[in-house]
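# Observations on chain architecture
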Amino acid sequence: MGASQVAVIGSGGGPYWWRRRRRYVLWPLAIGVALCAFGVWSGLVYEHNQAVFHAEAVQTRAVIDQIYTSAPSQDYNAPTFDEYALVHFNVLGEKAQARVLLATNCSGTCVRSYRVGQLLSVDYSPKNVTYAQLPSRVHGPSANFLIELLAFGSLGLIFLGAAIVNIRTA
């Protein structure tokens, strides 16, 4: 072996500068793929949970006891909030209470389509009567799935883009 040649021992092979440069590619690549996968996984889990709920759900009539709103969101856009109702209904002869989401992403005020004392149809799970939903009219992917996919997918794409840029500069 000559004086200008350096023996490479261990995994990875190649000169030190190549091993170091490869780290700049592999870490963003791994993080990007992980974020994209997490976005898809979280959306699929949410959709699965909703499908299981709707498969087991029992529809009943409930009476609104109270209407209230969540705290406003704190972000760069106009503050938004959600509107909920505390309802009661009968399950096997016993009174059950649940919280139901009436409206989401209200800005300023929510359009009042519900009032205290009003009867409405709700779906509840016999396994957990404290959770109820308004009957779903939407079939297919929900907006929540798409939001999670967009949020984590876009972060993942940023890291994938950084990995591609680092490959080109290597």
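One structure accompanies this document, and this report is about it. (Residues numbered from 1 in each chain as written. Predicted model: local features only at pLDDT ≥ 70, side-chain atom pairs only at ≥ 80, totals over all residues. Heavy atoms only, no water.)

## Some words on the environment of Ala71
Formally: Note on conventions: DSSP H or I runs of at least 4 residues are helices, E runs of at least 2 residues are strands, and numbering of each starts at the N terminus.
Structurally, the position occupied by Ala71 is in the loop between β1 (58-69) and β2 (80-91). As a C-alpha pair, Ala71 and Asp82 span eleven residues in sequence and 8.0 Å in three-dimensional space.

## Overview of the packing of aromatic side chains
Applied cut-off: Only Phe, Tyr and Trp rings take part, Trp by its six-membered ring, and two of them pair if their centres are within 6.5 Å. Stacked means planes under 30 degrees apart, edge-to-face means over 60, and tilted covers everything else. Working definition: with a 1.4 Å probe on protein chains only, accessible area under 20% of the residue-type maximum means buried, over 50% means exposed, and in between means partly exposed.
Counted according to the given criterion, the structure contains four aromatic pairs. Consider the rings of Phe38 and Trp41, whose centres lie 5.7 Å apart with planes at 35 degrees: the pair is tilted. Linking Phe38 with Trp41, this pair stays in helix α1 (residues 16-56), spanning three residues, or about one helical turn. Looking at Trp41, the relative accessible area reads 53%, which means it is exposed. Aromatic side chains Tyr68 and Tyr84 sit 5.7 Å apart centroid to centroid with 20 degrees between the ring planes, which places their arrangement in the stacked category.

## Let's talk about the nonpolar core
Where we set the bar: The criterion is simple. A nonpolar core is a set of buried Ala, Val, Leu, Ile, Met, Phe, Trp, Tyr and Cys residues joined through side-chain atoms within 4.5 Å. Contact definition: two residues touch when any of their heavy atoms are within 4.5 Å.
Core analysis: the largest hydrophobic core is formed by 16 residues, its most contacted members being Val87, Phe89, Val100 and Val122. Elements that contribute at least two residues to this core include exactly β1, β2, β3 (94-107) and β4 (119-125). Setting aside chain neighbours within four positions, we find Phe89 in contact with Thr60, Arg61, Ala62, Glu94, Lys95, Ala96, Ala98, Val122, Tyr124 and Val129.

## A look at a nonpolar patch on the surface
Operational definition: Each patch is assembled from residues with relative accessible area greater than 30% and no salt bridge, linking like charges that lie within 9 Å and nonpolar side chains (Val, Leu, Ile, Met, Phe, Trp, Tyr) that lie within 5 Å. Methods summary: accessible areas were calculated by the Shrake-Rupley approach with a probe of 1.4 Å, and residue burial reflects only the protein chains presented. By definition, a salt bridge exists where a carboxyl oxygen of Asp or Glu is found within 4 Å of a side-chain nitrogen of Lys or Arg.
There is a patch of nonpolar side chains on the surface, built from Trp27, Ile31, Leu155, Ile158 and Phe159 and spanning about 500 Å² of accessible area. Sorting the residues of the nonpolar patch by element identifies α1 and α2 (143-169) as the ones contributing at least two each. The element that contributes the greatest number of residues to the nonpolar patch is α2, accounting for three residues. Tracing the chain through its elements places Trp27 in helix α1.

## Digging into the pattern of salt bridges
Tallying each qualifying case throughout the model produces one salt bridge. The shortest N-O distance in the salt bridge between Lys127 and Glu56 comes to 3.1 Å. With Lys127 in the loop between β4 and β5 (128-133) and Glu56 in helix α1, the pair connects residues that are 71 residues apart, well separated along the chain. The class for Lys127 is exposed, based on a relative accessible area of 70%. For Glu56, a relative accessible area of 31% translates into the label partly exposed.

## Observations regarding unusual backbone geometry
Look at Leu92: it is not a glycine, yet its phi comes out positive at around 50 degrees. Within the element layout of this structure, Leu92 appears in the loop between β2 and β3. According to the relative accessible area criterion, Leu92 is exposed, its value standing at 84%.

## Observations regarding the side chain of Asp123
Applicable threshold: Pairs of N or O atoms are called polar contacts if they sit within 3.5 Å, as long as, within protein, a hydrogen donor faces a hydrogen acceptor (for residues adjacent in sequence, only side-chain-to-side-chain pairs).
Take Asp123: it is sitting in strand β4. Given the relative accessible area of 9%, Asp123 is considered buried. Within the local environment of Asp123, its side chain forms a polar contact with the side chain of Gln59, the two groups lying 3.4 Å apart. Ignoring anything within four residues of it in the chain, the contact list for Asp123 reads Phe53, His54, Ala57, Val58, Gln59, Tyr131, Ala132, Gln133, Pro135 and Ser136.

## Some remarks on the environment of His88
Tracing the sequence through the fold places His88 in strand β2. Note on His88: relative accessible area 22%, which makes it partly exposed. Through-space distance from the C-alpha of His88 to that of Ala98 is 6.4 Å; in sequence the pair is ten residues apart. Once residues lying within four places of it in the same chain are set aside, the contact partners of His88 are Ala62, Val63, Asp65, Lys95, Ala96 and Gln97. Within the structure, His88 has its side chain in polar contact with the side chain of Asp65 (distance 2.7 Å).

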